[in-house]
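If you want the building blocks of each chain, they are given just below.
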Amino acid sequence: MAAPMCGRTCKIGPSILNADLSMLAAECQRMMDSGSDYLHLDVMDGQFVPNLTFGHPVVKCLRPKLPSVFFDMHMMVAAPEQWVGDMADAGADQYTFHIETTDDPARTIRKIKEAGMKAGIGIKPKTPVHLLVPFIDSVDMVLIMTVEPGFGGQKFMADMMPKVQFLREHFPDINIEVDGGVGLATIQECAEAGANMFVSGSAVVNSDNPRETIQALRNIVAEAIQKSQLER
Ligand SMILES: O=C(CO)[C@@H](O)[C@H](O)COP(=O)(O)O
Ligand SMILES: [Fe+2]
């Protein structure tokens, strides 16, 4: 299962955005049966991103069918504080908002934690990584988007890796999640840069053998960690 990275475990969390959403619960179960560590659920409101997916009512239906699965909510919404209570009640475990959507990230983080969820903070490709620094110590995870948020199946943006490197160098023990275009051809550079939580959507959901793909992703990450440790 998950491998250690700089004191943090490495985890693979499929995004089900490009799954058959008419069979969402079954698709989520299929991903977990294939060896995933958690599920990354993309919530889009059509305002922050030009796409619309689902909200807390769907999460509320999923939770009893997947009682022990970690739900990593990627909240691509213009008003993240509006949905904190509903998502917590629905059974979300982690609530990741985008720093671009709030005038007071510290207040947003506080509200998420008061609701009993882990807090994640994310940035879009054009947002500089230094804006995250004041909040790193109060969140459970940082999300570095490696595509422009809104859709699955986009091309990985390798020029986001310096953001991951910066964070890992300055904050060796935080959870750093990468999200967007992460697959067999791109996960190595994510791991080498220092990410330890890997969202992979199309690469896993559309795979003929998701279990094999997830295991291959894990192997690439493990090799990258070993290589980086040997080079120290
Ligand atoms: O948040 C998003 C897109 O906005 C991601 O979670 C994607 O859904 C990941 O899918 P792939 O790029 O891996 O296909
Ligand atoms: Fe996402």
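Residues numbered from 1 in each chain as written. Chains lettered and ligands numbered in written order. Predicted model: local features only at pLDDT ≥ 70, side-chain atom pairs only at ≥ 80, totals over all residues. Heavy atoms only, no water.

A. Up close: the overall build of the protein chain. Along its length, the protein chain carries eight helices and nine strands. Here the C-alpha radius of gyration of the protein chain, 16 Å, is about what a compact globule of 232 residues would show, namely 17 Å. Sequence-distant contacts, at least 24 apart, represent 64% of the contacts inside the protein chain between residues at least 6 apart. Looking at the protein chain as shown, the accessible area adds up to about 10,100 Å², and 53% of this sits on carbon and sulfur atoms. (Helix = DSSP H or I, 4+ residues; strand = E, 2+ residues; numbered from the N terminus. Rg over C-alpha atoms; globule rule 2.2 N^0.38 Å. Contact = heavy atoms within 4.5 Å. Areas by Shrake-Rupley, 256 points an atom, 1.4 Å probe, with all protein chains shown as cover.)

B. Region of the structure containing the nonpolar core. Among the nonpolar cores identified, the biggest contains 65 residues, and Leu39, Leu132, Ile144, Leu167 and Phe198 are the most heavily contacted of them. Considering each element in turn, this core owes the most residues, six residues, to helix H8 (residues 210-230). For Leu167, the residues in contact, after removing those within four places along its chain, are Val129, Leu132, Ile136, Val142, Ile144, Ile174 and Ile176. (Core = buried A, V, L, I, M, F, W, Y, C linked by side-chain atoms within 4.5 Å. Buried < 20%, exposed > 50% of the residue type's maximum accessible area, 1.4 Å probe, protein only.)

C. A look at the coordination of the iron ion (ligand 2). Note on the iron ion (ligand 2): its protein donors are His40 (NE2), Asp42 (OD), His74 (ND1) and Asp179 (OD). The metal-donor distances range over 2.1 to 2.2 Å. Coordination at the iron ion (ligand 2) is octahedral: its six donor atoms span angles of 75 to 179 degrees at the metal. We note that the donor set of the iron ion (ligand 2) lies within a single chain, spaced as H-x1-D-x31-H-x104-D. One end of the pair, Asp42, is in strand S3 (residues 39-44); the other, Asp179, is in strand S8 (residues 176-179), with 137 residues separating them in the sequence. Comparing Asp42 with Asp179 shows no difference in burial state: the two are buried. (Donors = N, O, S within 2.8 Å, 3.2 Å for Na, K, Ca; no water. Tetrahedral: all angles 85-135°; square planar, octahedral: opposite > 155°, others 65-115°.)

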